[in-house]
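Per-entry structural report
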Amino acid sequence: MKKHNYSAGPCILPQEVFEKASQAVLNFNNSGLSILEISHRSKDFVAVMEEARTLALELLGLENKGYQALFLQGGASMEFLRIPFNLLKENGKASYLDSGTWASGAIKEAKAFGETVVVASSKEENYNHIPKNFEIPTDADYFHCTSNNTIFGTQIKSLPETNVPVVCDMSSDIFSRQLDFSKFDLIYAGAQKNMGPAGVTLVVVKEELLGKTGRAIPSILDYEKHIKAESMYNTPPVFAVYTSLLTMQWLKNLGGISAIEKINNTKAELLYAEIDRNPLFKGSASIEDRSNMNATFLLNDASHAETFDKMWKEAGISGLPGHRSVGGYRASMYNALPLESVQVLVDVMKELEVTIS
Ligand SMILES: *Cc1c(COP(=O)(O)O)cnc(C)c1O
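Note that the structure is predicted; figures quoted are calculated from it, not measured. (Residues numbered from 1 in each chain as written. Predicted model: local features only at pLDDT ≥ 70, side-chain atom pairs only at ≥ 80, totals over all residues. Heavy atoms only, no water.)

Things to note about the sheet that holds strand β3 (residues 93–98)
- Strand order in this open sheet of 7 strands is β2-β10-β9-β8-β5-β3-β4, and the pairing throughout is mixed. Each edge of the sheet is formed by a strand with only one pairing partner; in this case those strands are β2 (67–72) and β4 (115–121). Each strand of the sheet is rotated relative to its neighbour by a mean of 15°, with strand direction disregarded.
- With 5 bridges joining them, strand β9 (residues 186–190) and strand β10 (residues 201–206) adopt antiparallel strand pairing. Along β10, the bridge assignment pairs Gly190 with Thr201.
- Here helix α3 (residues 75–87) sits on the sheet in contact with β2, β3, β5 (142–146), β8 (166–169), β9 and β10, set at roughly 155° to β9. (Pairing = 2+ DSSP bridges. Helix = DSSP H or I, 4+ residues; strand = E, 2+ residues; numbered from the N terminus. Axes fitted to C-alpha atoms, helices over the stretch in contact; angles between N-to-C directions. Contact = heavy atoms within 4.5 Å.)

Now the structure itself:
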């Protein structure tokens, strides 16, 4: 039986995508060949890459607006490094918002590279909220933020207004909610949270931002080189790109980001309502910053954990334990998680209340 998969990443993808991807492993496009054994320069794969790049921009509403989409390797963590290499000018400075473990990982790489200002941090409170009312230096080369903090279950609801280019790590909420994506100059996302399997990262960058650092950039780190090579500077991770394309096609057929956003809102409202109603549980993140993708919550009395854990496992739920730095539970409700799975979890939480009392 298929599990209700709440894993934070790698994570659930649409069943239809699993089926099409496995078909392509056996016989890609009826070519008599597996997608795993053809050249990345073959006509069939070049078409996959082109469509994936175009569709990513289309879903974000960024076609013909000066942006380029790339599918790169090294995970979101590699972009922590590529970003300063491409955007931090000689004698310039970068600015970062420290809203979680991944944000702080990005800051570490920037600091190793050049002057880096942290505009605000919620580290002291174990990242249970998004810092607000900070100032972004007007002379910064860019401002970096993390739209959704996967580990702590917080999500930026309104972006700061700034004249500085905005760079955003959207690894765990890409394609999940409608934003004015043209307010961002660079968006990146490791595929394995909401877009595809591990092994590929989507980078969407405004081309006019590039080529201005006054420094030499190692080729593999240079976004301009990847753009020039149409995202095939070296062998791309063909299967991860193809599976990401299938997921984007699934989303497009569903009605795109605005359609999935409605479903995501319904799922999040259902679960948070139960967390708030049920006297056995409490949410871990500040209410106004709660993530619609990763809901973090705790049992008020940890001695009920054994009973609760047994119950949700028996209900066919998988991947619910929280990250080790937060504890408790984390329900990751990515695009592909059906509403029914959330109902199953809510029912188990209600059942626990009845069992305990
Ligand atoms: C998972 C995650 C990362 C790290 O991704 P890798 O692909 O493993 O490098 C970075 N940022 C966020 C927000 C994440 O959720």
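Topic: the UniProt feature "domain: Aminotransferase class V" (unreviewed entry) in the protein
- Here the UniProt feature "domain: Aminotransferase class V" (unreviewed entry) sits at residues 5–345.
- Counted over residues 5–345, helix gives 35% and strand 17%. Its end C-alpha atoms are 11 Å apart. (UniProt positions renumbered as here; feature names shortened; annotations may be inferred.)

Details of the domain arrangement of the protein
- Domain boundaries assigned for the protein yield domain 1 (15–254) and domain 2 (256–356).
- In this structure, domain 1 and domain 2 have C-alpha centres spaced 27 Å apart.
- Across the domain 1/domain 2 interface, buried area totals approximately 2200 Å², and carbon plus sulfur atoms make up 52% of it.
- Inspection of the domain 1/domain 2 interface yields 2 salt bridges.
- Seen at the junction of domain 1 and domain 2, the total is 17 residue pairs in polar contact (both at pLDDT 80 or more).
- Put simply, the parts of the chain that give the side of domain 1 that touches domain 2 at least two residues each are α2 (43–60), β7 (154–155) and α6 (238–254). (Domains from an automatic or database assignment. Buried area = accessible area lost by both parts, 1.4 Å probe. Salt bridge = Lys/Arg side-chain N within 4 Å of Asp/Glu carboxyl O. Polar contact = N/O pair within 3.5 Å; in protein donor to acceptor, adjacent residues only side chain to side chain.)

Thoughts on the packing of aromatic side chains
- Scanning the model with the defined rule gives 11 aromatic pairs in all.
- Summarising the aromatic geometry, the rings of Tyr96 and Tyr142 are spaced 5.7 Å apart at their centres and angled 75° between planes, so their arrangement reads as edge-to-face. Of this pair, Tyr96 sits in strand β3 while Tyr142 sits in strand β5, and the two are 46 residues apart along the sequence. Accessibility assignment for this pair places Tyr96 and Tyr142 in one class, buried.
- In this structure an aromatic cluster arises from ring pairing among Phe281, Phe297, Phe308 and Tyr329. (Phe/Tyr/Trp six-rings, centres within 6.5 Å; stacked < 30°, edge-to-face > 60°. Buried < 20%, exposed > 50% of the residue type's maximum accessible area, 1.4 Å probe, protein only.)

What to know about the UniProt feature "modified residue: N6-(pyridoxal phosphate)lysine" (unreviewed entry) in the protein
- Per the UniProt entry, the sites bearing "modified residue: N6-(pyridoxal phosphate)lysine" (unreviewed entry) are Lys193 in this numbering.
- Residue position: Lys193 is located in the loop between β9 and β10.
- In this structure, Lys193 is in contact with Ala8, Gly9, Cys11, Thr150, Ser171, Ser172 and Tyr334, ignoring residues within four places of it in sequence.

What about the site of the ligand?
- Residues in close proximity to the ligand total 13 residues, the closest being Ser77, Thr150, Asp169, Gln192 and Lys193.
- Here an oxygen atom of the ligand and a side-chain polar atom of Ser77 are 2.6 Å apart.
- Contact between the ligand and Thr150: an oxygen atom at 2.4 Å from a side-chain N or O atom of the residue.
- Protein chains bury 88% of the 390 Å² of accessible surface belonging to the ligand in isolation. (Near = heavy atom within 4 Å. Areas by Shrake-Rupley, 256 points an atom, 1.4 Å probe, with all protein chains shown as cover.)

Looking at the pattern of salt bridges
- A complete count under the given rule lists 14 salt bridges for this structure.
- Measuring nitrogen to oxygen at the nearest pair gives 3.7 Å for the salt bridge that ties Glu161 to Lys183. Here Lys183 lies in the loop between β8 and β9 and Glu161 lies in the loop between β7 and β8, a separation of 22 residues in the sequence.
- Across the pair Asp276 and Arg290 runs a salt bridge, and its minimum N-O distance is 2.9 Å. Of this pair, Asp276 sits in helix α7 (residues 256–277) while Arg290 is found in the loop between β11 (281–283) and β12 (294–299), placing the two residues 14 residues apart along the sequence.
- Put simply, Lys132, Glu288 and Asp289 are held in one network by salt bridges that share partners.

Considerations on the side chain of Ser171
- For Ser171, the location among the structural elements is in the loop between β8 and β9.
- Ser171 gets classed as buried once you look at its relative accessible area, which sits at 7%.
- Of the polar contacts made by the side chain of Ser171, one reaches the side chain of Asp169; its length is 2.7 Å.
- A polar contact is formed between the side chain of Ser171 and the backbone nitrogen of Gly190, at a distance of 3.1 Å.

Brief notes about the sheet that holds strand β14 (residues 329–332)
- Across the sheet, which stays open at both edges, the 3 strands sit in the order β11-β12-β14 with antiparallel pairing between neighbours. A strand with exactly one partner marks an edge of an open sheet, and here the two such strands are β11 and β14. Within this sheet the neighbouring strands show an average axis-to-axis angle of 35°, counted without direction.
- Inspection of the sheet shows β11 paired to β12 by 3 bridges, in the antiparallel sense. When the sheet's bridge partners are listed, Phe281 is paired in β12 with Leu299.
- The sheet contacts of α7 involve β11, β12 and β14, and relative to β12 the element is tilted by about 20°.
- Across the sheet, helix α8 (residues 305–314) touches β11, β12 and β14, and the angle it forms with β14 is around 25°.

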